[in-house]
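What follows is the residue order along each chain.
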Amino acid sequence: MKLERRDFMKVISAGAVTATTAKTVRSEARTALSEDAVGILYDATVCIGCKACEVACKEYNDMPSSSSYVNDQFEVKNVWDSPDDLDAKTLNKIKLYKDGDGSVKDREKDGFSYIKRACMHCADPDCVSVCPVTALTKDPVTGIVSYDETRCCGCRYCQIACQYLIPKFEYDDPLGQIQKCQLCSHVIAEGGIPGCCEACPTGASIYGNVHDLLDEAHQRLDMTPGTTYDFPVRMVDSKDRASHEVHEYVNYVYGESEGGGTQYLILSAVPFGELGLPNLPDHSNASVTEKLQHSLYKGMIAPAALFVGLLYAAHQSVKYHNRSDEEGADE
Amino acid sequence: MSRPDVTKIHRNIGQYHTGEMDRRGVSRRDFIKFCTAMSAALTLPFTFAERIAAAVTDPARPPVIWLHFQDCTGCTETLLRATHPTVESLVLDIISLDYSETLLAAAGHQAEAAKQATIDDFEGKFILVVEGSIPTKDGGIYCKIGDKTAVQILEETLPKAAAAVAIGSCASWGGIPSSGPNPTGAKGVTEVMPEAKTPVINLPGCPPSPYNLMQTVVYYLTMNKLPELDKKGRPKFAYGSIIHENCERRAHFDAGRFAEQFGDAGHRQGWCLYKLGCKGPETHANCPSILYGDVGSGAWPVGTGHPCFGCTEEDVAFTKPLHQQAAVAEVVPPAFYPHIVEEKGKGLSIGAAAVVGAAAGVAGGAAAMMAKDLRKQDEEDEQTNEKAE
C-alpha cells in the first residue's frame, strides 16, 4: 500500500497526541512503609559464617536438604545440606567473598567476608507489581512480601522481575511453586521471630521494627572502628548482648534506598558490589513501568484513540486502493 | 613412612640402660615404643626414633633445674600425671632433674647448695624450667626463696642456662596472678628479662599438657636445637593452630548446631559450645589432639561439656568472661562455602555452536528465499493485472 506522506503524518500525530494528553499517574503509594513494618538487619562484620541461620531456616520452614554434587555423587539424601545458592529448597544462604589469600576478615583486598542472601522484602516490590494473579502480596502492616501458592499460575514472571534473583521455581515438580523467604510470617503471627535471627549466636542477624533497625544501622556507622560495642542478639531491642569489636564499615546501609528501599538491611566492611549485591537506583522498576502503563492505558483513552487512528489509516488505504483500481480499469 | 631400625636402637640402648629399665619395669620393647611415639608426636619421620633413643640414653645428658615462683604447682602436677613414659622412672632419669622444690627430698640450705653446685658445674649446659610468674612490684618482695626475690633468682640463673622453658601460662605471660588488678606486678619470664641471650620457650596452658614439655625437651636433646617457635615463643607443633581447627565438635559448629544452655537437648548431644562462650576459636593449643590424663577420648574441657576458656592466651584467659562469646580468629575459610558467583555448566561447546550456527543459517537462507519468492510473486501478479487491463 502506498501511503502518502500526509496520511502518514496524520497517523503519527494522532498517536503522539494520545501519549501526551493522558494524565500521568503515580504508582500506588507502596514506597511509604507503615510504622509497624518489620525487617532484618544483617551485619556482615559480625557474622562468623557458622550457618546456624541456614539450619534454623530449614527447620522453621520444613524444607528438605538441597541436593548438591556431594549428595548426588554419594547418593545420600537429607544427610548433608550444601546448596550453592538460593534454590527451591533453600530460602537463606550464607556465601563467601574471598580475595587473594583471604587471610583477613572484612577486608576487601586479600581478605574475606560472609554475606547472607535472602528475600529483601522491598518497600516497592517488583515481584508484587508484575505478578498477573496477585500471588505475591505485600502485607500493609508488616510489609512482608508473602506468596500464595493457591493463586500462582507458574508463569515465573516474578523470577525475571526480581533484581536480586530471589524467587526460585520448583522446576522438578510439574505443579511447582515459587519459593522465597517470607520472614517467617507464620512464626511472627504467633509472637515469635524469624528462625535466622533466633539462631544467630553473634547478633549478625537481628529482627525488629525496620525503622529501629535503620537507626541501629546508622548508629553503627557512626561508631569508631576498634572500639567494643555490645551488639544486640536476636532482636534490635534485646537485653541479650554480645561484645564484639567494631569494624570499619563501608559508610552506607544497603537497602536504605535500593530500588525504593528494602526491609532487609545490610552492613558490611567490603563494598556491596563485591558481595554480589546489585547497584540499583533509588526507585524500583515497578514505579517506572507502572507509571508508563498506567499513563498509557488510563481509562483506555489512549488505546481507543490509537485504534481510531489505525481505523482511519486503514480506511484511507482502502480508499486509495479502490481509486487506483478504478483508474486502472478506466485505462 | 619408614619404620625405625630396631636393631640400631637395640645397639644404642646397651646393657646398662636395659638393666636400669628392667629394674623399673620398663621393657626394651616399651622403650622403643616410647621413642617411636615421641618421634610421631614431634611429627618427625619414624627413623628419628633411633636418634631419640640415642639422645635420651646418652650418659652425658644435661641436668634440669626447675624453679618455682608464683605458682600453684599445677604444672609440676601435670607432669607427674604423664603415663607414657611415667615421669619418675624414665623422664626424670633422662633429663636428670637436679632441683625441684616439689620433688626434692632435701630442703633448706642443703637444697640451695645442691642447686648452686649444679649451676656452677654445668654452666651453659643445663636446661632451666620456670614455673609460676615473677612479681616485680615493690622490688619483687612478694616471692622470696632463700632470702632472694624471684627476680634476683631468675637474673642469676637464666643467663647461665643453655635453654629455658617457661612452663605454664604464669611463667609464659603472667597467668592468674597477673589478671586485673595484678597487685604483685606479676610477669612472665620473657617480660622480666627480655634481653636475655638464653633462648626461652613458652609453653602456656593452665595447666599445660606434660607431653608438650616432654616433646620439647626430647626434641632439644635429639636435634640440639629448639623446635620452631611462633611469635610468642611457643613451639609451633603444639601451639600452631587454634583449638577450633581440631575440635571434635567442629562439625556441629559448621552445621549450626549449638548448645544454648547447660543440660539442654543440644548440650546432651555434644553440640558446639560456642554460644556458651567457648574460646576455642581464638585459643592456640593442641588440647583436642592430645587430651589430658590419658583416660580416653573426651578428656579435655570441651569434651566433658564445658566451653574452653582460653587458658593459653594472654588476652583471653582470666580476662574475658567465661561465657562471653569468642572472636573467631582469622583463619582462611575452608572450601565448602559457596562463592558469590558459582560457575554452573560448561559453556558453549564446539559441537553445540556448530549446530546452532547451522540452524541459524538455514533459517536465514529460508527467509531470504521466501522474500525473493514473494517479490517475484508480486511482480507476476502486477504483470497479470496489467495484461488484464
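Counting of residues starts from 1 at the beginning of each chain's written sequence and follows it residue by residue. Chain letters start at A and ligand numbers start at 1, both assigned in the order the entries are written. Predicted model: local features are reported for residues with pLDDT of at least 70 only, side-chain atom pairs are reported and counted for 80 or more only, and whole-chain, interface and lining totals are derived from all residues.

Once that is clear, we can look at the overall build of chain A. Note on conventions: DSSP H or I runs of at least 4 residues are helices, E runs of at least 2 residues are strands, and numbering of each starts at the N terminus. Scanning chain A from terminus to terminus reveals ten helices and twelve strands. Counting other C-beta atoms within 10 Å of a residue's C-beta gives its exposure: the residue is buried at 20 or more, exposed at 12 or fewer, and partly exposed in between, where C-beta atoms are placed from the backbone. A total of 331 residues make up chain A; the buried ones form 39% of that total. Look at the contacts in chain A between residues 6 or more apart in sequence, and 64% of them connect residues 24 or more apart. For the purpose of contact definition, each residue receives a C-beta atom placed from its backbone, and two residues are in contact when these atoms lie within 7 Å.

Moving on: the overall build of chain B. Each helix and strand counted, chain B has 17 helices and nine strands in total. The reference for a compact globule is 2.2 Å times residues^0.38; the radius of gyration itself is calculated from the C-alpha atoms. By the compact-globule yardstick of 21 Å for 389 residues, chain B is too spread out, its C-alpha radius of gyration being 35 Å. For chain B, the spread of C-alpha atoms along the principal axes amounts to about 145 × 60 × 45 Å. Looking at the 389 residues of chain B, the share that counts as buried comes to 38%. If you take every contact in chain B between residues at least 6 apart in sequence, the share linking residues at least 24 apart comes to 72%.

Turning our attention to the environment of leucine 86 of chain A. Residues and elements named next belong to chain A. Among the structural elements, leucine 86 can be located in the loop between helix 3 (69–74) and strand 2 (93–98). In this structure the C-alpha to C-alpha distance between leucine 86 and glutamine 316, which are 230 residues apart in sequence, comes to 57 Å. Ignoring anything within four residues of it in the chain, the contact list for leucine 86 reads Leu91, Lys93, Arg117, Ile166 and Lys168.

In the segment running from glycine 180 of chain B into proline 181 of chain B, the intervening peptide bond is cis, with an omega of 0°. Notably, aspartate 62 of chain A is not glycine yet its phi reads approximately 55°, a positive angle. Backbone geometry places methionine 300 of chain A, a non-glycine residue, at a positive phi of 60°. The exposed category is assigned to methionine 300 of chain A, around which 10 C-beta atoms lie within 10 Å.

Turning our attention to the sheet that holds strand 2 of chain A. All names here are of chain A. Strands were regarded as paired on the criterion that DSSP finds at least two bridges between them. Taking strand neighbours across the sheet as the criterion, the three strands line up as 2-4-3 in an open arrangement whose pairing is mixed. Two strands in the sheet have a free side with no partner beyond their single neighbour: strand 2 and strand 3 (104–105). Across two bridges, the pairing between strand 3 and strand 4 (residues 111–117) is parallel. Across the sheet, valine 104 pairs through a bridge with glycine 111, a residue of strand 4.

Our next topic: the interface of chain B and chain A. Contacts between the two partners involve 23 residues from chain B and, on the opposite side, 33 residues from chain A. For the side of chain B that touches chain A, the per-class residue count stands at 13 nonpolar, four polar and six charged. Note on residue classes: Ala, Val, Leu, Ile, Met, Phe, Trp, Tyr, Cys and Pro are nonpolar, Asp, Glu, Lys and Arg are charged, and everything else, Gly too, is polar.

Okay, the environment of aspartate 240 of chain A next. Residue and element names in this part refer to chain A. Looking at where aspartate 240 falls in the secondary structure, it is placed in the loop between strand 10 (228–232) and strand 11 (241–245). By C-beta crowding, aspartate 240 is classed as exposed, having 11 other C-beta atoms within 10 Å. For the pair aspartate 240 and histidine 321, spaced 81 residues apart in sequence, the C-alpha separation works out to 84 Å. Not counting chain neighbours up to four residues away, the residues in contact with aspartate 240 comprise Val233 and Arg234.

Let us look at the nonpolar core. Leu41, Cys127, Leu136 and Leu265 of chain A are the most contacted members of the largest nonpolar core, which has 95 residues in total. Only buried Ala, Val, Leu, Ile, Met, Phe, Trp, Tyr and Cys residues enter a nonpolar core, and they are joined through C-beta atoms within 7 Å. Counting residues in hydrophobic clusters, the runner-up holds 52 residues, among them Ala53, Ile65, Cys75 and Ile95 of chain B.

Do not read the fine detail of predicted coordinates wherever pLDDT is low. For every residue, the pLDDT score states the predictor's confidence, bounded by 0 at the bottom and 100 at the top. Summing up the model confidence of chain A, the mean pLDDT is 86 and the portion of residues at 70 or higher is 85%. Long-range and interchain partners of residues 18–30 of chain A, a stretch whose pLDDT sits below 50, account for 25 contacts in this model, where long-range means more than four residues apart.

Residue and element names in this part refer to chain B. Judged by how many residues are buried, strand 1 (residues 64–68) sits mostly within the fold: five of five residues are covered. Every second residue of strand 1 is oriented toward a common face, with Val64, Trp66 and His68 on one face and Ile65 and Leu67 on the other, all of them buried. Direction of pairing for strand 1 relative to strand 2 (residues 97–100): parallel, over a ladder of three bridges. The partner of tryptophan 66 across the bridge, within strand 2, is serine 100. For strand 1 and strand 3 (residues 127–131), the ladder comprises five bridges, and the chain directions are parallel. Each bridged residue has a counterpart across the sheet, and for histidine 68 the counterpart in strand 3 is glutamate 131.

Take the sheet that holds strand 9 (residues 200–203) of chain B next. All names here are of chain B. Pairing is parallel in the open sheet, where five strands are placed in the order 2-1-3-7-9. In the strand order of this sheet, the two ends are held by strand 2 and strand 9, each with one partner. Taking the axes of each pair of neighbouring strands and ignoring which way they run, one obtains an average angle of 15° across the sheet. Each axis is a line fitted through C-alpha atoms, and for a helix only the stretch in contact is used; angles between axes span 0 to 180 degrees, taken between their N-to-C directions. Sitting on the sheet, helix 6 (residues 108–121) is in contact with strand 1 and strand 2, with an inclination near 135° to strand 2.

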